[in-house]
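Summary of the model geometry
Listed below, chain by chain, are the residues.
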Amino acid sequence: ASARAKPPPPPYVDARFSFEVRIPPGWSIPPSPTLPPFPRPALVWALHNKKTRELAVVTRVVGPTDLLHVDASVLDDLEAQFRARASNYRRVSRRRLDLGAGRRRHPALDLWFSARDGNKREVSVGVRFIFFPGYILALSVDSPGRRSSRDAKQLVDTFRPSLPR
């Protein structure tokens, strides 16, 4: 008899901000004092993995977004903001994609890079931006070291607009 793989748990769905994500085992909502301050953009949601010291946050940036015109210049501007703030910024990959189904498709950007944190330690960062009318949601996962963990990749890959169930 062959062993069947255990089905993945259902995704976490945030109805207020219309996103969903699959949470890997070992991740939980951190106590608020451990979170960095997020005055703007607004912090929507956060997770951490105490064992691996990884942190994932979802932020919301309100402003004009035109879903039909998310082109290379918009993506360049987003990446430039990270490049300007990150010490020793090195892009690992960047890709534009569309998420959702039918008329509910949303442009998105995946950006992976490495940099140095405030303590001069190497950190790998994965970010997915999802463009909604009037705002952008961004999931950012920081992993200590030069490479992102499998969990970080799963969080970014499964972060998407939630569809009506």
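An account of the accompanying structure is given in this report. (Residues numbered from 1 in each chain as written. Predicted model: local features only at pLDDT ≥ 70, side-chain atom pairs only at ≥ 80, totals over all residues. Heavy atoms only, no water.)

**So, helix α1 (residues 72–85)**
- The terminal C-alpha atoms of α1 lie 20 Å apart, and with 14 residues this matches the ideal 20 Å at 1.5 Å per residue to within 8%.
- Of all the residues in α1, the buried ones are L75, L78 and E79. The buried side chains of α1 occupy one side of the element, clustering within an arc of 90° when seen end-on. More than 90 degrees from the buried face of α1, the exposed residues found are D77, A84 and R85. (Helix = DSSP H or I, 4+ residues; strand = E, 2+ residues; numbered from the N terminus. Expected span 1.5 Å × (residues − 1). Buried < 20%, exposed > 50% of the residue type's maximum accessible area, 1.4 Å probe, protein only. Arc of directions from axis to C-beta.)

**Details of the sheet that holds strand β5 (residues 87–99)**
- The six strands are arranged β3-β4-β8-β7-β6-β5 in an open sheet whose pairing can be described as antiparallel. Only two strands of the sheet have a single partner each, and these edge strands are β3 (42–49) and β5. Across the sheet, the mean angle separating the axes of adjacent strands is 15° when strand polarity is ignored.
- Sitting on the sheet, α1 is in contact with β5, β6 (106–116) and β7 (122–132), with an inclination near 150° to β5.
- The strands touched by helix α2 (residues 150–158) are β3, β4 (54–62), β5, β6, β7 and β8 (135–144); relative to β8, the strand with the most contacts, the crossing angle is about 170°. (Pairing = 2+ DSSP bridges. Axes fitted to C-alpha atoms, helices over the stretch in contact; angles between N-to-C directions. Contact = heavy atoms within 4.5 Å.)

**Regarding the pattern of salt bridges**
- Applying the stated criterion across every chain yields a total of ten salt bridges.
- With its nearest N and O atoms 4.0 Å apart, the salt bridge here joins E122 to R146. Of the two residues, E122 sits in strand β7 while R146 sits in the loop between β8 and α2, which places them 24 residues apart along the sequence.
- Look at E122 and you get buried, because its relative accessible area is 14%.
- On the basis of relative accessible area, R146 is assigned to the exposed category, the value being 62%.
- Residues joined by salt bridges that share partners form a network here, namely D76, E79, R83, R91 and R94. (Salt bridge = Lys/Arg side-chain N within 4 Å of Asp/Glu carboxyl O.)

**A short note on unusual backbone geometry**
- Located in the positive-phi region is S18, a residue other than glycine, with phi close to 60°.
- Here S18 lies in the loop between β1 (12–14) and β2 (19–21).
- Phi is positive for N88, close to 60°, though the residue is something other than glycine.
- The residue N88 is located in strand β5 in this model.

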